[in-house]
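Read off the chains here:
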Amino acid sequence: MRIYADNAATTKMSRTAIEAMLPYMDKIYANPSSLHTLGQEAKEALENARERVAKILGCEPREIIFTSGGSEADNQAIVSAARIGAKKGKKHIISTVFEHHAVLHTLDKLKKEGFEITLLDVGEKGLVTPQQVEEAIREDTALVTVMFANNEIGTIQPIKEIGAVCRNKGVLFHTDAVQAAGHLHIDVKEQNIDMLSLSGHKFHGPKGVGVLYARKGIALTNIIEGGAQEKGRRAGTENIPAIMGMTAALEEAVKNMDDTTERVAALRNKLIDGLSAIPHSILNGDSENRLPNNVNFCFEGIEGESLLLLLDDKGVCASSGSACTSGSLDPSHVLLAIGRPHEIAHGSLRLSISEENTEEEIDYIINAVVQVVFYLRSISPVWRDLTEGRQQFVIK
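Computed from a predicted structure; not experimentally measured. (Residues numbered from 1 in each chain as written. Predicted model: local features only at pLDDT ≥ 70, side-chain atom pairs only at ≥ 80, totals over all residues. Heavy atoms only, no water.)

This paragraph deals with the overall build of the protein. The secondary structure content of the protein amounts to 14 helices and 12 strands. Relative to a compact globule of 396 residues, whose C-alpha radius of gyration would be 21 Å, the protein shows 22 Å and is just as compact. In the protein, buried positions account for 55% of the 396 residues. Nonlocal contacts in the protein, meaning residues at least 24 apart in sequence, comprise 74% of its contacts between residues at least 6 apart. Counting every atom, the protein has about 17000 Å² of accessible surface; 51% of that belongs to carbon and sulfur. A gap of 4 Å separates the mean positions of the 42 positive and 53 negative side-chain charges of the protein. (Helix = DSSP H or I, 4+ residues; strand = E, 2+ residues; numbered from the N terminus. Rg over C-alpha atoms; globule rule 2.2 N^0.38 Å. Buried < 20%, exposed > 50% of the residue type's maximum accessible area, 1.4 Å probe, protein only. Contact = heavy atoms within 4.5 Å. Areas by Shrake-Rupley, 256 points an atom, 1.4 Å probe, with all protein chains shown as cover. Lys, Arg positive; Asp, Glu negative; His and termini not counted. Charge placed at Lys NZ, Arg CZ, Asp CG, Glu CD.)

Put into structure tokens, the structure is as follows:
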């Protein structure tokens with residue numbers, strides 16, 4: 001048996017996405033910048049996809065820029081806002097301590113250029129309040145960037161309310177919606193969002209393609225220089241097959257969102273209940289205000305790497321943190337941000353399920369995790385010290 005429970009890292013491409021891509025690899029394969037008939041057919045498909053994505057996000061087609069993924073979109077949004085702010089003497093940016101590294105590393109670069117960065121705390125539940133944002137905004141604030149939903153612990157932020165604060169203060173607001181798109185309702189106008197990033201492979205689309213929404217009037221700084229593609233805002237020949245696959249996958253995800261959310265959330269809750277029965281374990285993130293497919297636990301007395309390897313041996317594909325840092329032995333910065341001690345953060349497990357998972361698979365995952373946790377504890381000198389009273393339990 002092989003059970004895939006790592007959908008926050010990437011999803012299996014849907015048949016709908018694959019079929020939407022095929023004509024643009026075989027028949028309508030020309031460069032959309034070419035003036036001949038085949039090129040114009042590709043151009044028509046590109047603009048059709050732009051209109052469809054814009055309709056889903058509640059914006060105008062001209063506000064959609066196709067990128068190579070969420071990381072590029074995050075980079076361009078943040079750098080653009082920083083450049084706009086700098087021209088007005090505003091070099092202060094607000095974000096949170098548990099953003100994706102595509103955001104945090106971009107902010108680190110800007111800090112070296114003289115920008116001042118304020119990272120808001122998120123508390124044990126991993127939530128930022130509009131009040132925190134409002135109190136942090138200054139006269140020289142150029143940008144607020146807060147992720148829509150966290151990629152590790154799944155907590156959903158009050159985006160509409162944060163956006164309203166920013167709009168009232170005249171500050172640009174960007175959200176990394178990579179984990180939210182296709183899973184949560186998004187309307188950039190209704191939710192007061194100025195810029196938004198998403199990535200196709202998080203909702204059963206292809207890898208290597210994403211979207212940056214930028215409200216009209218925002219002057220974007222190019223991250224990639226070259227040709228005049230995407231109305232001069234992003235150079236490079238557009239990846240038409242991937243764009244068409246992503247668009248079809250996003251439409252399908254949004255169309256089925258209510259039914260999918262209800263079914264997947266029920267499986268998530270069953271998984272949470274099952275793992276909560278393990279002694280000295282704790283759910284990371286808010287128990288209710290979280291993505292419908294996300295489960296993240298810490299188990300005291302074990303290492304996450306060993307847990308993952310033994311679960312893989314039992315046929316369960318999971319992760320111990322964000323996909324982009326899965327090769328690192330350092331504890332998750334997200335778990336440290338919500339107050340987990342290093343020794344607890346090391347024993348983490350993220351399970352991110354999808355509509356393809358079954359109740360039988362959830363039962364199997366619960367049993368597998370229970371077996372592996374008990375086995376690892378049985379051979380752990382740390383666990384022996386805890387149970388014999390030489391150390392105190394952190395997770396009660």
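Next, the rest of the story.
A full pass over the atoms with the stated rule returns 21 salt bridges. Where Asp 286 meets Lys 125, a salt bridge forms, and the shortest distance between an N and an O atom there is 3.6 Å. Of this pair, Asp 286 sits in the loop between β9 (281-283) and β10 (294-299) while Lys 125 sits in the loop between β4 (116-120) and α6 (130-136); the two residues are 161 residues apart in sequence, bridging distant segments of the chain. Among the residues examined, Asp 286 registers a relative accessible area of 9% and is labelled buried. (Salt bridge = Lys/Arg side-chain N within 4 Å of Asp/Glu carboxyl O.)

Attention now goes to the pairing of strand β7 (residues 195-199). Within a regular strand, side chains alternate between the sheet's two faces. Most of β7 is tucked away: five of the five residues are buried. Bridge analysis of strand β6 (residues 172-176) against β7 gives three bridges, and the strand direction is parallel. Bridge pairing in β7 places Asp 176 opposite Ser 197. Sheet analysis places β7 next to strand β8 (residues 210-214), joined by five bridges and oriented antiparallel. In the sheet register, Met 195 faces β8, and the bridge partner there is Ala 214. (Pairing = 2+ DSSP bridges.)

Further remarks concern the pairing of strand β5 (residues 141-145). For β5, the buried fraction is high: five of the five residues fall into the buried class. In this region the chain leaves β5, passes through helix α7 (residues 159-169) and returns to the parallel neighbour β6; the handedness of that crossover is right-handed. (Right-handed = clockwise from strand over helix to strand, strands pointing away.)

On to the sheet that holds β10. Read across the sheet, three strands follow the order β9-β10-β12 without closing on themselves; strand pairing throughout is antiparallel. Edge positions in the sheet fall to β9 and β12 (348-352), since each of these pairs with one other strand and no more. Adjacent strand axes in the sheet meet at a mean angle of 25° when their direction is disregarded. Alignment of β10 against β12, held across five bridges, turns out to be antiparallel. Residue pairing in the sheet places Val 295 in a bridge with Leu 351 of β12. Relative to the sheet, helix α10 (residues 304-313) contacts β10 and β12, its axis offset from that of β12 by approximately 45°. (Axes fitted to C-alpha atoms, helices over the stretch in contact; angles between N-to-C directions.)

Tracing the backbone shows Glu 225 in the loop between β8 and α8 (240-255). The spacing of Glu 225 and Arg 15 is 210 residues in sequence and 34 Å in space, taken between C-alpha atoms.

Okay, the packing of helix α9 (residues 257-276) against helix α13 (residues 359-378) next. Direction vectors running N to C along α9 and α13 enclose 20°, while the axes themselves pass 10 Å from each other. Classified by the angle between their axes, α9 and α13 sit roughly parallel to one another. Where α9 crosses over α13, the two elements pack in a sense that is right-handed. Contacts from Leu 267, Lys 270, Leu 271, Gly 274 and Leu 275 in α9 reach Glu 359, Ile 362, Asp 363, Ile 365, Ile 366 and Val 369 in α13. (Parallel < 35°, antiparallel > 145°, perpendicular 65-115°, else oblique. Left-handed = near helix turned anticlockwise from the far one by under 90°.)

As a packed pair, helix α4 (residues 70-87) and helix α5 (residues 101-112) sit with axes 9 Å apart at the nearest point and diverge in direction by 35°. In this structure, α4 crosses over α5, and the sense of that crossing is right-handed. Here Ser 71, Asp 74, Asn 75, Ile 78, Val 79, Ala 82 and Arg 83 of α4 lie close against α5, whose contacting residues are Ala 102, Val 103, Thr 106, Leu 107 and Leu 110.

With that settled, the discussion passes to the sheet that holds β7. With respect to topology, seven strands assemble into an open sheet ordered β2-β8-β7-β6-β5-β3-β4, the strand pairing being mixed. A strand with exactly one partner marks an edge of an open sheet, and here the two such strands are β2 (64-67) and β4. Taking the axes of each pair of neighbouring strands and ignoring which way they run, one obtains an average angle of 20° across the sheet. Looking at chain direction, strand β3 (residues 92-96) and β5 are connected through three bridges and run parallel. Following the sheet pairing, His 92 is matched in β5 by Thr 141.

What follows is about the side chain of Thr 141. Residue placement: Thr 141 occurs in strand β5. For Thr 141, a relative accessible area of 2% puts it in the buried group. Within polar-contact distance, the side chain of Thr 141 engages the side chain of His 92 at 2.7 Å. Within the structure, Thr 141 has its side chain in polar contact with the backbone nitrogen of Arg 138 (distance 2.7 Å). When neighbours within four sequence positions are excluded, Thr 141 is seen to be in contact with Lys 90, His 92, Ile 94, Ala 136 and Val 171. (Polar contact = N/O pair within 3.5 Å; in protein donor to acceptor, adjacent residues only side chain to side chain.)

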